[in-house]
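# Summary of structural features
Residues per chain, in single letters:
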Amino acid sequence: MLQGHQSWIFENKPIIKGTATVVGPFEGQGPLAGDFDIVHGDLMLGQDSWEKAEKTLLEEASKLAIENAGMTSGQVNFYVGGDLMNQIISSSFAARTLAIPYLGVFGACSTSMESLAIAANFVNSRSAKNVLASACSHNASVEKQFRYPTEYGSQKPPTAQYTVTGAGASVISQDGEGLTVTSATIGRVIDMGLTDPFNMGAAMAPAAVDTIQAHLRDFRIEPGYYDLIVTGDLSKIGYELAWDLFEKHKIPMKQTEYYDCGMMIYDYEKQKVQAGASGCGCSAVVTYGHLLNRMRRGELKRILVVATGALLSPLSFQQGESIPCIAHAVSIESGEKR
Amino acid sequence: MSNNSKKKLTPVQQEYKHLAKKREPARPVIKNCIRAFLVGGMICLIGQAITDMFVHWGGFDREKAGNPTVAVLIILSVLLTSLGVYDKMGQWAGAGTAVPVTGFANSMASAAIEHRSEGLVLGVGGKMFTLAGPVIVYGTVAAFIVGILHLLFNPSGVGGH
């Protein structure tokens, strides 16, 4: 149901029935390794191209999420997913394997929450019984498409972010036990005129703040309502800028814990990832792996995940266009409803 | 281009741009220069050693030894690229590994490896020069301009080669 200007409230309690996360070797060396279902030792996943490796990541995560939900793919009505590849081939090709009626979505790195919000809305409105939502990214395929060949010896500036190799999937259902998706806020596209593709955190921070502000306004709540608010992949620089903007707009974020998925998945000291992590897979695996595990353990009761996306293409930045950005927020709660 | 887009920015965008600039960590220019000097110098030193070897044991004269030296450096660079080492060196050394001939070889080898999956013609053949192409094009253009200048100001052709 519409709430306020741009939010949905899910009064019928869509349940997160099953989730799965599959990551690559580099993520397996990070501090959250224990939260992932499958950690691959081979960046290629035994495939012969990066693109096939990415598709395989997604297939594995999707199949495992359905399995963890105690279902077969025949019971899943719809599959909503997206990724960063041109024409979202990873998701579409995985949908070919899964043979579930499919809607491809693109919100760059905000796809993880975009797909979850749409899936929850389908289930909430009784348009579906079970919906699969997913997002994925692969470090090498993204480097190849957006930047340079993976083995090219260029120096990355300290603002650069490292794309996560990972796929996260969840099955949202009408009934059952589990964490519930309670609301979502769909973001506006915000463009502050930044043009540096090696500093996307700074470009995305205003979009994240705008969506958080809209969410708080639409539901007439304060940040303290949540135990934790996380943004998708702002990383160090974007995170600092988000704090600056919260202060400027007088949003009392100090009431709660605010963190960023892009700063959680890697060890800055050991893994040398410049500003932090990025990619569709970043917020997907951190949320579906680490954060939901913390909720299941009872450490967190209500969280707001604000996945952030930079909607640029290799062509648009070569033509000197600025980077339009977006953020979608989804709140996940355990226990009683508001 | 950047000036053009700056003019079009609204005051709010400009204010944010300033803020973002402030939060951006400065590139460690001095550190980068020192590293580039050391690594670039080291590569040249190795090159010199190879040249001397060719002169000493290979029977080449000083001038002719340059060609096999470059070939050896290129092979080394391609090997290190294939083994996945060169890009890690590049992150540490910056321009030190990018400027010498080894950097040029790396740009071609890395593109060839990366696009192998699109086939030998459209992938390797077509994409090999995506990074190296501009260097060749503008290198040739620059040589052409220098050549004309040389002709204009030194028509007798005395000096230089």
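Everything below is about the structure shown above.
Residues numbered from 1 in each chain as written. Chains lettered and ligands numbered in written order. Predicted model: local features only at pLDDT ≥ 70, side-chain atom pairs only at ≥ 80, totals over all residues. Heavy atoms only, no water.

Within chain A, the regular secondary structure consists of ten helices and 15 strands. For 338 residues, the compact-globule estimate of 2.2 N^0.38 gives 20 Å, and the C-alpha radius of gyration of chain A, at 18 Å, lies within 12% of that figure. The principal-axis extent of the C-alpha atoms belonging to chain A is close to 50 × 50 × 35 Å. Within chain A, the fraction of its 338 residues that count as buried is 65%. Sequence-distant contacts in chain A: of pairs separated by 6 or more residues, those separated by 24 or more amount to 78%. Across chain A, the centroid of the 27 positively charged side chains sits 5 Å from that of the 35 negatively charged ones. (Helix = DSSP H or I, 4+ residues; strand = E, 2+ residues; numbered from the N terminus. Rg over C-alpha atoms; globule rule 2.2 N^0.38 Å. Buried < 20%, exposed > 50% of the residue type's maximum accessible area, 1.4 Å probe, protein only. Contact = heavy atoms within 4.5 Å. Lys, Arg positive; Asp, Glu negative; His and termini not counted. Charge placed at Lys NZ, Arg CZ, Asp CG, Glu CD.)

Another aspect to go through is helix 5 (residues 139-146) of chain A. Across the eight residues that make up helix 5 of chain A, a large majority, eight, are buried. Of the residues making up helix 5 of chain A, those classed as buried are Asn 139, Ala 140, Ser 141, Val 142, Glu 143, Lys 144, Gln 145 and Phe 146 of chain A. On its buried face, helix 5 of chain A is in contact with helix 2 (50-68), strand 7 (130-137), strand 8 (161-163) and helix 10 (314-318) of chain A together with helix 7 (101-114) of chain B.

As enumerated under the stated definition, the model contains 18 salt bridges over all chains in all. The salt bridge partner of Lys 254 of chain A is Glu 247 of chain A, with a shortest N-O separation of 4.0 Å. Judged by its relative accessible area of 69%, Lys 254 of chain A falls in the exposed class. Between Glu 24 of chain B and Lys 21 of chain B there is a salt bridge, and its shortest N-O distance comes to 3.7 Å. A residue is classified by how much of its surface remains accessible, and Glu 24 of chain B, at 26% relative accessible area, is partly exposed. Overall, the relative accessible area of 57% leaves Lys 21 of chain B in the exposed class. The network of salt bridges with shared partners includes Glu 51 and Lys 144 of chain A together with Glu 118 of chain B. (Salt bridge = Lys/Arg side-chain N within 4 Å of Asp/Glu carboxyl O.)

Residue and element names in this part refer to chain A. Residue position: Ser 141 is located in helix 5. Looking at Ser 141, its side chain comes within polar contact range of the side chain of Glu 54, at 2.5 Å. In this structure the side chain of Ser 141 is engaged in a polar contact, spanning 3.1 Å, whose partner is the backbone oxygen of His 138. (Polar contact = N/O pair within 3.5 Å; in protein donor to acceptor, adjacent residues only side chain to side chain.)

Turning to the interface of chain B and chain A, a few remarks are in order. If you look at the interface, chain B gives 33 residues, while chain A gives 34 residues. At the boundary of chain B with chain A, total buried surface from both sides reaches about 2800 Å², with 57% on carbon and sulfur atoms. Area buried by chain B at its contact with chain A is led by Tyr 16, Arg 23 and Glu 114 of chain B, which between them contribute 26% of it. Between the two partners, chain B and chain A, sit four salt bridges. (Buried area = accessible area lost by both parts, 1.4 Å probe.)

This part takes up the packing of aromatic side chains. Residues and elements named next belong to chain A. Under the criterion given, the structure shown has 15 aromatic pairs over all chains. Relative to Tyr 102, the ring of Tyr 79 lies with its centre 5.4 Å away and its plane at 40°, an arrangement referred to as tilted. Of the two residues, Tyr 79 is situated in strand 5 (residues 78-83) and Tyr 102 in strand 6 (residues 102-104); the sequence distance between them amounts to 23 residues. Measuring from ring centre to ring centre gives 5.4 Å for Phe 246 and Tyr 258, while their planes differ by 90°; the resulting arrangement is edge-to-face. Remark: Tyr 258 occurs in strand 12 (residues 257-260) and Phe 246 occurs in helix 7 (residues 235-248); sequence separation between them is twelve residues. Residue Phe 246 is classed as buried on the basis of its relative accessible area of 1%. Exposure remark for Tyr 258: the relative accessible area of 4% places this residue in the buried category. The ring of Tyr 268 carries the charged tip of Lys 236 above its face, separated from the ring centre by 4.1 Å. (Phe/Tyr/Trp six-rings, centres within 6.5 Å; stacked < 30°, edge-to-face > 60°. Lys NZ or Arg CZ within 6 Å of the ring centre and 35° of its normal.)

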